[in-house]
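In case you want the letters, here they are:
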Amino acid sequence: MNKATFSAFIAGLFFSFGLLLSGMANPEKVLGFLDLFGAWDPSLMLVMGGAIAVGLPAFALAKKRQTAVLGGPIQLPGKRALDKRLILGSLAFGIGWGLAGFCPGPGIVASGALEPGALVFAVAMIAGMLGFRMLERRTG
């Protein structure tokens, strides 16, 4: 196993443990956070705050560099405009998150625990990605 693969594995392992520890892989906790007008559970705000606290300096540093720590190129998104595709994709993501209580990372982590709802979510997510790819080939 090369350094990049090993690093990706370790990063994914820490990410999945963080998702489990924070409760992000628990759909009831996530849905409680999204239920603003019911029994709202604000505890995931700390998770978001922690992610922002780590992400902001990391992106600021990445913008100043040409290569990653392991030597690969740094590829940050260049597009900044809001367009129809971004807005519709964001709506689909948010609706799916609100209905299932999972977003991609936590859904995959919970699938690893063979949670039935997460497995259904993962299959639906993969079907959506394949459907999008097929649509892109037809229209692109």
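Residues numbered from 1 in each chain as written. Predicted model: local features only at pLDDT ≥ 70, side-chain atom pairs only at ≥ 80, totals over all residues. Heavy atoms only, no water.

Caption draft 1: Highlighting the environment of L44. Tracing the backbone through its elements, the reader meets L44 in helix α3 (residues 44–64). For L44, a relative accessible area of 3% gives the class buried. Put simply, L44 and A11 are 33 residues apart on the chain and 21 Å apart in space, counted from C-alpha to C-alpha. Setting aside its immediate chain neighbours within four residues, L44 contacts S22, M24, K29, V30 and F33. (Helix = DSSP H or I, 4+ residues; strand = E, 2+ residues; numbered from the N terminus. Buried < 20%, exposed > 50% of the residue type's maximum accessible area, 1.4 Å probe, protein only. Contact = heavy atoms within 4.5 Å.)

Caption draft 2: Expanded view of the pattern of salt bridges. Scanning all chains against the criterion turns up three salt bridges. One salt bridge in this structure joins K29 and D41, with 3.2 Å as the shortest N-O distance. Remark: D41 occurs in the loop between α2 (27–34) and α3 and K29 occurs in helix α2; sequence separation between them is twelve residues. The exposure class assigned to K29 is partly exposed, which follows from its relative accessible area of 24%. Across the pair E136 and R85 runs a salt bridge, and its minimum N-O distance is 3.1 Å. (Salt bridge = Lys/Arg side-chain N within 4 Å of Asp/Glu carboxyl O.)

Caption draft 3: Local environment of unusual backbone geometry. The backbone of L114 shows a phi angle near 60 degrees, a positive value even though the residue is not glycine. By the secondary structure assignment, L114 is in the loop between α5 (104–112) and α6 (116–139). When its relative accessible area of 61% is taken as the criterion, L114 is described as exposed.

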